[in-house]
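Below are the chains, spelled out letter by letter.
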Amino acid sequence: MSSAEQHAIDLRSDALVSPTDRMREVLAAAPVGNDAYREDEAVRSLEDRVAELFGMDSAMFLPTGTMANLVAVSVLCPRGGEVLADQESYVLASGLGGLATVAGLQSRTIHAVRGALDAAAVRAALRPAGWGVLPTSALIVENTHARSGGAVVPLPVLAELSLLAREHGIGLHCDGARIWHAAVATGTSLKAYGALFDTLTVSVSKGLGAPVGALMLGDAERVERARQVRKQLGGGWRGAGVLAAAAEFAVLNNVARLREDHDKAAAIATRLGRQPMINAPVETNIVLVRVRDSVAVHRACARQGVGVFRLAPDLIRIVTHRDVSMERCLEAAEVIAAAIAQ
């Protein structure tokens, strides 16, 4: 039995969103070139479009957000350098040690509250250059913050961190896989976010519905160096235009509708919150639920055709997206509530 058959209502991730029929038509009609030679018209169009949306100089299309983050931080930090990030950030918690094993970077962690790093704590943690001391080269933030339940990091917090980074001459990278969700939830412009960071990564396959891809943004010099790093990681594209065309369609057509996914998550949280079980406030499209035994809840939900993600032994994650309607989300909430109550 396939995963889709097992999970008639699949809320494990918003990366499960399937392309619409219109997106498939765009994908099929896309011009195809060789992006390794910068000759793919659709890739160039996507990169220019997203760079303009965020008010940044340049952008580069990559297969995954994990690779995009790795490439971005690699061009911010010299090999053997140090980065700071919060202890629950995706790049450290879910990157399988790529910063260390691939980029050759040392990382140190700082406690954050729902993804928001305290500027004073960051300032205290910075290590200046000096004999016998590895200086801090970059700071990493994440918006929205996945392991805090899709929390939006407030713009003033990010602005303060940006000023701090510039004051101390260190790079500031944002893992913005779901920054689209943050913009929709708060009404913040994408350019307001882009103005704060030296490098930024965005996903087009989480929620937006493109089948593959992420972009890394920055100034022209950094992005050009990043192309070399992408190639070293095996990320040279041949015929990537079909994927880039789908990604551009997603960016143009599927951002505003993310509010519907936020509403679905809020509805699920309202139902489950009666017990109460919600582990964190729901701001966007992720619901974290505290349970006694996530394995048992996961199995009980799967038996009823509902897919949820086990984030920890006592925590499950629910992620809403376009492919599951509000009605089906409410059905899932009843199944999940029953599974937890067992």
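Residues numbered from 1 in each chain as written. Predicted model: local features only at pLDDT ≥ 70, side-chain atom pairs only at ≥ 80, totals over all residues. Heavy atoms only, no water.

Explanation requested: the overall build of the protein in the structure shown.
Broken down by element type, the protein carries 15 helices and 14 strands. Counting only C-alpha atoms and orienting by the principal axes, one finds that the protein spans roughly 60 × 50 × 35 Å. The buried share of the protein, taken over its 342 residues, is 55%. Long-range contacts, defined as pairs at least 24 residues apart, comprise 75% of the intrachain contacts of the protein with a sequence gap of at least 6. Accessible surface for the protein amounts to roughly 14,300 Å². Of this, 53% is attributable to carbon and sulfur atoms. Put simply, the protein has 35 plus and 36 minus side-chain charges, and the middle of one group is 4 Å from the middle of the other. (Helix = DSSP H or I, 4+ residues; strand = E, 2+ residues; numbered from the N terminus. Buried < 20%, exposed > 50% of the residue type's maximum accessible area, 1.4 Å probe, protein only. Contact = heavy atoms within 4.5 Å. Areas by Shrake-Rupley, 256 points an atom, 1.4 Å probe, with all protein chains shown as cover. Lys, Arg positive; Asp, Glu negative; His and termini not counted. Charge placed at Lys NZ, Arg CZ, Asp CG, Glu CD.)

Got a minute to help me understand the sheet that holds strand β11 (residues 286–290) in this structure?
Sheet strands line up and pair through hydrogen bonds in the backbone, either parallel or antiparallel. Overall, antiparallel pairing links the 3 strands, which are arranged β11-β14-β13 in an open sheet. Because the sheet does not close on itself, it has two edges, and the strands there are β11 and β13 (309–312). The sheet shows a mean angle of 35° between the axes of neighbouring strands, direction not considered. Pairing analysis gives 3 bridges linking β13 to strand β14 (residues 315–319), with the strands arranged antiparallel. Each residue of the ladder has a partner; that of arginine 310, found in β14, is isoleucine 316. Across the sheet, helix α14 (residues 294–303) touches β13 and β14, and the angle it forms with β13 is around 175°. (Pairing = 2+ DSSP bridges. Axes fitted to C-alpha atoms, helices over the stretch in contact; angles between N-to-C directions.)

Help me understand the packing of helix α13 (residues 258–272) against helix α15 (residues 326–341) in this model?
For any two helices packed against each other, the geometry comes down to the angle between their axes and how far apart the axes lie. Packing of α13 against α15 leaves a shortest axis separation of 9 Å and a crossing angle of 30°. On the basis of the axis angle, α13 is roughly parallel to α15. Both α13 and α15 take part in a crossing whose hand is right-handed. Seen from α13, the contacting residues are Asp263, Lys264, Ala267, Ile268, Arg271 and Leu272; seen from α15, they are Met326, Cys329, Leu330, Ala333, Glu334, Ile336 and Ala337. Taken together, the residues of the contact of α13 with α15 break down into 9 nonpolar, no polar and 4 charged. (Parallel < 35°, antiparallel > 145°, perpendicular 65-115°, else oblique. Left-handed = near helix turned anticlockwise from the far one by under 90°. Nonpolar A, V, L, I, M, F, W, Y, C, P; charged D, E, K, R; others polar.)

So what exactly am I meant to see when it comes to the environment of alanine 28 here?
You can see alanine 28 is positioned in helix α2 (residues 21–29). Linking alanine 28 and asparagine 69, residues 41 residues apart in sequence, is a C-alpha distance of 29 Å.

I would appreciate a short explanation of the sheet that holds strand β3 (residues 82–86) in the present structure.
Strand order in this open sheet of 7 strands is β2-β10-β9-β8-β7-β3-β4, and the pairing throughout is mixed. In this open sheet, the two edge strands, each paired with only one partner strand, are β2 (58–62) and β4 (106–110). If you compare each strand with its neighbour and ignore which way they point, the axes differ by 20° on average. Alignment of β3 against β4, held across 5 bridges, turns out to be parallel. Of the residues in β4, the one forming a bridge with aspartate 86 is isoleucine 110.

Just checking my understanding: could you explain the confidence of the model for the protein for this structure?
Any segment with low pLDDT has predicted coordinates that should not be analysed in fine detail. Summarising the model, the protein shows a mean pLDDT of 92, and 96% of its residues fall at 70 or more. Every residue in residues 1–5 is under pLDDT 50, and counting partners more than four places away or in other chains gives 3 contacts. (pLDDT = per-residue confidence, 0-100.)

I'm lost on the pattern of salt bridges in this one. Help?
Where side chains of opposite charge bring their charged atoms close, a pairing between them can arise. Scanning the model with the defined rule gives 24 salt bridges in all. A salt bridge links glutamate 82 to arginine 127, with the nearest nitrogen and oxygen atoms 3.1 Å apart. Residue glutamate 82 is located in strand β3, and its partner arginine 127 is located in the loop between α7 (119–125) and β7 (136–142); the two are separated by 45 residues in the primary sequence. Using a relative accessible area of 0% as the deciding quantity, one classes glutamate 82 as buried. On the basis of relative accessibility, which here comes to 34%, the residue arginine 127 falls in the partly exposed class. Between aspartate 198 and arginine 222 there is a salt bridge, with its nearest N and O atoms 3.9 Å apart. Of the two residues, aspartate 198 is situated in the loop between α10 (190–194) and β9 (199–203) and arginine 222 in helix α11 (residues 220–232); the sequence distance between them amounts to 24 residues. Residue aspartate 198 is classed as buried on the basis of its relative accessible area, which comes to 16%. (Salt bridge = Lys/Arg side-chain N within 4 Å of Asp/Glu carboxyl O.)

Is there a simple way to think about the packing of aromatic side chains in this case?
Centre-to-centre distance and the angle between the planes together describe a pair of aromatic rings. Tallied over the full model, the rule gives 2 aromatic pairs. Each ring, one from phenylalanine 54 and one from tryptophan 180, has its centre 5.4 Å from the other, and the planes form 65°; the classification is edge-to-face. Of the two residues, phenylalanine 54 sits in helix α3 (residues 41–54) while tryptophan 180 sits in helix α9 (residues 179–186), which places them 126 residues apart along the sequence. Its relative accessible area of 1% is what places phenylalanine 54 among the buried residues. (Phe/Tyr/Trp six-rings, centres within 6.5 Å; stacked < 30°, edge-to-face > 60°.)

Just to check I follow, could you spell out the pairing of β9 for this structure?
Consecutive side chains along a regular strand alternate between the two faces of the sheet. Counted residue by residue, β9 has 5 buried out of 5 residues, so it is predominantly covered. Going residue by residue along β9, you find Thr199, Thr201 and Ser203 tucked away on one face and Leu200 and Val202 tucked away on the opposite face as well. One ladder, built from 4 bridges, connects strand β8 (residues 171–176) with β9; its direction is parallel. The residue bridging aspartate 175 from the neighbouring strand is threonine 201, located in β9.

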